[in-house]
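Architecture at a glance
Here is what each chain is made of, one letter per residue.
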Amino acid sequence: MSSNEQSNSSGSQTRRNILKVAGTAGLAFGGRLAAQDIPPNHLAPRPAPQSIRPLPEGRRTFGYAIIGLGKYAVNQIIPAFAECKHARLAGLVSGDRQKAERIAAAYDVPTKNIYSYDNFDDIKNNPDIDAVYIILPNSLHADIAERAFKAGKHVMCEKPMATSVEDAQRMVDASRRANKQLMIGYRCHFDPITQRTIELIRAGHIGKPRVITTENTDALSVEDPSGQWRVRRALSGGGSLMDLGIYGVNASRYLLNEDPIEVTAVIAPSSNPIFSEVEDIISWTFRYKSGALAHGNSSFSTAATSRFGIQGEKLTAVMDPATGYYNNTFKASGGDEVHVLQDPMFQIPALNQFSAQLDHLPEILASGAPSKATGLEGLQDVKLIQAIYRAAALRRPVSTDWGDWRKI
Ligand code: NAD
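Since this is a predicted model, take the numbers as computed values, not measurements.

As for the overall build of the protein
Looking only at helices and strands, the protein features 11 helices and 15 strands. When each of the 408 residues of the protein is scored for burial, the buried share is 53%. As displayed, the protein has an accessible area near 17,600 Å², and 52% of this comes from carbon and sulfur atoms.

Quick look at the structure:
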């Protein structure tokens, strides 16, 4: 029983103080509910937007070609175009022509805009396509990104942007040479609950954050083709840290608004042969100049968890789930206070992180505003991930104090 439940049942003066939020257009905040009333796992499931048809052509002008038609592309990203304001699905790149044609027919993509990996470079002559979105196994991101930049296209690339610092840097350099945007698919930066959490922390509502905990786990299945490449180092670059732990690595930076100066890490030994090439369970601790600590762990063999904790000097906050596609929640409590942020999608069905992420690229290109998820941001995470692996291998702290990633 949590301390809040205890204080409720004992009849003490629990104050359900829902933080008032100014200027949050489109973000319903808290309502009349408190955490005790709606445990996150009792929230009504949101339908995934598979069944939504694209809006009529002509309203949205920024064309993306999706590279790689796997699970995430087909189930999350492609359907999300239906709710975009500026972006539209304009092309497909796949090694499987039949699959690409089926998807093209369902989403009104002209067959002339279907490419294979062999003729991909011809995309440079296609004015329908402004950007490509790379949704391939991790180690395949860098080469195709370079080809896209050479073809004069902007690039959105899934996380982790690359499997080595060298590849990530190569992508940043190619973007600069081509003078085209490189954006990483950090969808949480577009999740309304995450955005409000960051605002609340920065505004001092929970006090100075001192300890962050991030847990990102899932039971990987190698029956599923999506699971198979994830345990092959040559394609994934690593195990649960590359795939899931990266959310915690990125989040500890945006929750603290600070980059770590040192890391220690440990990998739990596994006797399961599917983890012969990559780690299953890994845990790490980042140390920060401010004195804060961030403990993270990720796993491929435990039940799905996506939970962040933020221990502030005034309140302790929990996001659970923290990085879900929908239904993310935030609850801050301490003393007699409870504050709850609930998924605004219950009130505003048209708002989702995927469409907002897709629209961000045309928005920053039009406005000149800074990107929320740059290639440099992705490069910093790749560097931190490599430092975590090094710390685990060396069994001693490794410095991550290499200066400001924005100036690299
Ligand atoms: P997936 O296995 O479902 O899809 C991968 C696609 O790449 C498939 O269509 C496959 O045919 C194709 N492919 C091309 N060459 C391949 C090769 N040599 N080996 C294997 N597949 C090859 O994987 P996914 O879950 O869609 O993940 C793809 C990328 O998206 C990864 O970088 C992953 O980290 C990222 N992802 C991000 C999120 C998120 O929430 N941001 C969620 C899931 C996946």
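Read on for the rest.
Quick look at helix α11 (residues 375–394)
With 20 residues, α11 extends 28 Å between its outermost C-alpha atoms, agreeing within 8% with the 28 Å of an ideal straight helix rising 1.5 Å per residue. Taking burial as the measure, the 20 residues of α11 include 16 buried ones, the bulk of the element.

Details of the layout of surface pockets
Of the voids in this model, the largest pocket is the one considered here, and its volume is about 1,300 Å³. Together, 45 residues line the largest pocket, and Lys71, Tyr72, Arg230, Asp243 and Tyr325 are the ones closest to its centre. Elements with a minimum of two residues in the lining of the largest pocket: α2 (71–80), β7 (209–219), α7 (225–228), α9 (240–256) and β11 (301–312). The dominant element in the lining of the largest pocket, judged by the number of residues it contributes, is α2, at 5 residues. Of the residues contributing to the lining of the largest pocket, the split by class is 17 nonpolar, 17 polar and 11 charged. Structurally, the lining of the largest pocket is a two-domain feature, drawing no fewer than three residues from each of domain 1 (3–187) and domain 2 (189–350 + 375–407).

Some remarks on the confidence of the model for the protein
Per-residue pLDDT for the protein has a mean of 86; in total, 83% of the residues score no lower than 70. Contacts of residues 1–53 to residues separated by more than four positions or lying in other chains number 96 contacts, the stretch itself having pLDDT below 50. Taken as a whole, residues 343–350 scores under 50 in pLDDT and shows 24 contacts with residues more than four places along the chain or in a different chain.

Cut-offs used in this document
Residues numbered from 1 in each chain as written. Predicted model: local features only at pLDDT ≥ 70, side-chain atom pairs only at ≥ 80, totals over all residues. Heavy atoms only, no water. Helix = DSSP H or I, 4+ residues; strand = E, 2+ residues; numbered from the N terminus. Buried < 20%, exposed > 50% of the residue type's maximum accessible area, 1.4 Å probe, protein only. Areas by Shrake-Rupley, 256 points an atom, 1.4 Å probe, with all protein chains shown as cover. Expected span 1.5 Å × (residues − 1). 1 Å grid on protein atoms, 1.4 Å probe; cavity = no way out; pocket = protein on both sides within 12 Å on 5 of 7 lines; lining within 4 Å. Points joined across faces, edges and corners; volume = space filled by probe spheres on them. Nonpolar A, V, L, I, M, F, W, Y, C, P; charged D, E, K, R; others polar. Domains from an automatic or database assignment. pLDDT = per-residue confidence, 0-100. Contact = heavy atoms within 4.5 Å.

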